[in-house]
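The lines below spell out each chain.
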Amino acid sequence: MSYNLLLDNLTNPALLFFVLGILAVYLKSDLEIPPNSSKFISLYLLFAIGFKGGQELSHESFNSEIAWSMLFGVGISVFIPLYTFFILKKRLNIYNAGAIAAAYGSVSAVTFVTAVTYLEAQQLNVHGYMVAIMALMESPAIIVGLLMISLFDKEEVSDIKKRTVIKHSFTNGSVLLILGSLLIGFVANAKQAEGIKPFTNDLFKGFLAIFLLDMGITSGKKLKAFFSFGVFPFLFAFLIPLINGSFFAWASAFVTDDITNRFMFAILAASASYIAVPAAMKISVPKANPGLFLPMALAITFPVNITIGMPLYFFIAQTT
């Protein structure tokens with residue numbers, strides 16, 4: 001593995017702003033991003049990556065590789081929550097096990113966006129259909145996590161509540177925005193897209209850095225309480241993404257030879273949702289503890305992926 005590549009990633013301004021956010025909490029600084037601004041930046045990132053992906057997708061010719069890639073992505077989001085649920089169930093109650101399994105089977109759009117930036121630093125571009133695959137992978141993991149809880153829960157769960165969460169997993173704001181932006185980017189011609197290019201491209205990295213600063217502040221506030229749960233959640237949040245990412249960086253060779261696609265499949269498999277899944281679990285599984293699965297995804301898995309994970313997955317995609 002190239003140590004220069006690892007060093008470049010560790011000194012990436014976006015990552016350093018994330019670290020600054022954590023540091024601000026431990027220094028008891030009053031630094032914060034206003035909630036409305038944070039929400040706007042989140043929406044902007046989803047909009048920009050969706051629109052750019054749609055533009056890229058409009059230049060693609062649909063073929064068997066794209067079809068198999070989509071099926072592969074959905075398969076990942078079903079397989080990961082199934083196997084992780086049984087690992088988690090041995091140490092945690094079924095509500096927390098199901099919620100965490102769903103989070104790790106689903107994807108993090110911000111990790112995806114950070115990975116796109118990482119590839120751009122290597123002078124590589126992501127294929128537009130990978131954005132569609134990311135959006136497709138949000139819902140299956142939520143549904144699988146819910147079904148596993150239902151199967152092992154001795155208490156009755158309302159059918160109405162089940163239907164509500166399944167509907168929510170498909171109409172979740174982040175899923176809807178990225179799919180909608182993807183579609184708009186797909187139908188817009190190059191001349192029309194050029195008009196908003198300064199907004200979707202030129203401002204992107206700056207907004208990403210500010211968003212990661214906010215994520216760092218949020219993570220720093222949750223870390224102290226998280227460690228009260230013992231060492232198991234920490235080890236799971238540290239090791240499982242590296243295992244998933246490494247395995248699917250290798251396994252993706254069966255559906256695509258493209259290094260960028262294989263790297264992005266690894267990122268999608270390794271990332272954990274801290275937006276869509278918590279929102280869905282809040283509706284359907286109020287007994288699941290967000291003070292457990294949120295810090296796991298946000299404060300442990302996310303930094304592991306953008307420091308150790310990305311160079312590792314890129315190395316595997318290049319060499320296997």
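Overview of the structure. (Residues numbered from 1 in each chain as written. Predicted model: local features only at pLDDT ≥ 70, side-chain atom pairs only at ≥ 80, totals over all residues. Heavy atoms only, no water.)

### A look at the overall build of the protein chain
Each helix and strand in the protein chain was counted, giving 17 helices and 0 strands. Buried positions account for 54% of the 320 residues belonging to the protein chain. The long-range share in the protein chain, meaning contacts at least 24 apart out of those at least 6 apart in sequence, stands at 89%. Accessible surface, the protein chain as shown: approximately 14500 Å² in total, 67% of it carbon and sulfur. (Helix = DSSP H or I, 4+ residues; strand = E, 2+ residues; numbered from the N terminus. Buried < 20%, exposed > 50% of the residue type's maximum accessible area, 1.4 Å probe, protein only. Contact = heavy atoms within 4.5 Å. Areas by Shrake-Rupley, 256 points an atom, 1.4 Å probe, with all protein chains shown as cover.)

### Re the side chain of Ser181
Along the polypeptide, Ser181 turns up in helix H10 (residues 173-187). When near neighbours in sequence (up to four residues on either side) are disregarded, Ser181 contacts Leu46, Phe47, Gly50 and Phe51.

### With respect to the packing of aromatic side chains
Overall, the coordinates contain 22 aromatic pairs when judged by the stated rule. Residues Phe85 and Phe152 carry aromatic rings whose centres are separated by 5.4 Å and whose planes lie at 40° to one another, so their mutual orientation is tilted. Linking Phe85 in helix H4 (residues 64-89) with Phe152 in helix H8 (residues 138-152), this pair joins segments that are 67 residues apart in sequence. With a centroid separation of 5.8 Å and 80° between ring planes, the pair formed by Phe263 and Phe314 is classed as edge-to-face. Pair noted here: Phe263 is in helix H15 (residues 259-270) and Phe314 is in helix H17 (residues 290-319), with a separation of 51 residues, a long-range link. (Phe/Tyr/Trp six-rings, centres within 6.5 Å; stacked < 30°, edge-to-face > 60°.)

### Some words on the layout of surface pockets
Here the largest pocket is characterised by a volume of approximately 520 Å³. Forming the walls of the largest pocket are 25 residues, and the residues nearest its centre are Lys52, Gln55, Glu56, Glu120 and Asn201. Looking at the lining of the largest pocket, the elements that each hand over two or more residues are helix H3 (35-57), helix H6 (109-121), helix H11 (190-194), helix H12 (197-202) and helix H13 (204-226). Its residues assigned to classes, the lining of the largest pocket shows 10 nonpolar, 8 polar and 7 charged. (1 Å grid on protein atoms, 1.4 Å probe; cavity = no way out; pocket = protein on both sides within 12 Å on 5 of 7 lines; lining within 4 Å. Points joined across faces, edges and corners; volume = space filled by probe spheres on them. Nonpolar A, V, L, I, M, F, W, Y, C, P; charged D, E, K, R; others polar.)

### Brief notes about the environment of Ile94
Along the chain, Ile94 turns up in helix H5 (residues 94-105). For Ile94, a relative accessible area of 15% corresponds to the buried category. The sequence separation of Ile94 and Asp153 amounts to 59 residues, and the corresponding C-alpha distance is 7.2 Å. Leave out the neighbours within four places in its chain, and Ile94 touches Phe85, Lys89, Ile149, Phe152 and Asp153.

### Comments concerning H6
A rise of 1.5 Å per residue sets the reference length of H6, with its 13 residues, at 18 Å; its end C-alpha atoms lie 19 Å apart and thus fit the reference within 8%. The element H6 is largely enclosed, with a buried count of 11 among its 13 residues. Along H6, the residues that are buried comprise Ala109, Val110, Thr111, Phe112, Val113, Thr114, Ala115, Val116, Thr117, Tyr118 and Leu119. Looking one or two places after H6, you find Gln123, whose phi comes out positive at around 60°. (Expected span 1.5 Å × (residues − 1).)

### Some thoughts on unusual backbone geometry
You will see that Lys28, though not glycine, has its phi angle at about 55°, which is positive. Looking at the element boundaries, Lys28 is found in the loop between helix H2 (13-26) and H3. Taking the relative accessible area as the measure of exposure, Lys28 reaches 76% and is therefore exposed. Phi is positive for Gln123, close to 60°, though the residue is something other than glycine. Summarising the element assignment, Gln123 is placed in the loop between H6 and helix H7 (129-136).

### Comments concerning the environment of Ala249
Structurally, the position occupied by Ala249 is in helix H14 (residues 231-251). Accessibility expressed as a relative area gives 0% for Ala249, which makes it buried. A C-alpha to C-alpha distance of 9.2 Å links Ala249 and Phe315, two positions 66 residues apart in sequence.

### Concerning the nonpolar core
One finds Tyr104 and Phe263 to be the most contacted residues of the largest nonpolar core, which totals 98 residues. Sorting elements by how many residues they give to this core places H17 first, with 15 residues. Beyond its immediate stretch of four places on either side in the chain, Tyr104 contacts Ile80, Phe236, Ala237, Ile240, Pro241, Ala269, Ser271, Ala272, Met296, Ala297 and Thr301. (Core = buried A, V, L, I, M, F, W, Y, C linked by side-chain atoms within 4.5 Å.)

### With respect to the packing of H6 against H17
Two numbers describe a pair of packed helices, the interaxial angle and the distance between the axes. Two elements in contact, H6 and H17, have axes whose closest approach is 11 Å; the angle formed by their N-to-C orientations is 45°. As far as their axial angle goes, H17 and H6 are oblique. Considering only the axes of H6 and H17, their crossing is right-handed. Contacts from Val110, Thr111, Thr114, Ala115, Tyr118 and Leu119 of H6 reach H17 at Phe302, Asn305, Ile306, Met310, Pro311 and Phe314. Across the contact of H6 with H17, the residue classes break down as 9 nonpolar, 3 polar and no charged. (Axes fitted to C-alpha atoms, helices over the stretch in contact; angles between N-to-C directions. Parallel < 35°, antiparallel > 145°, perpendicular 65-115°, else oblique. Left-handed = near helix turned anticlockwise from the far one by under 90°.)

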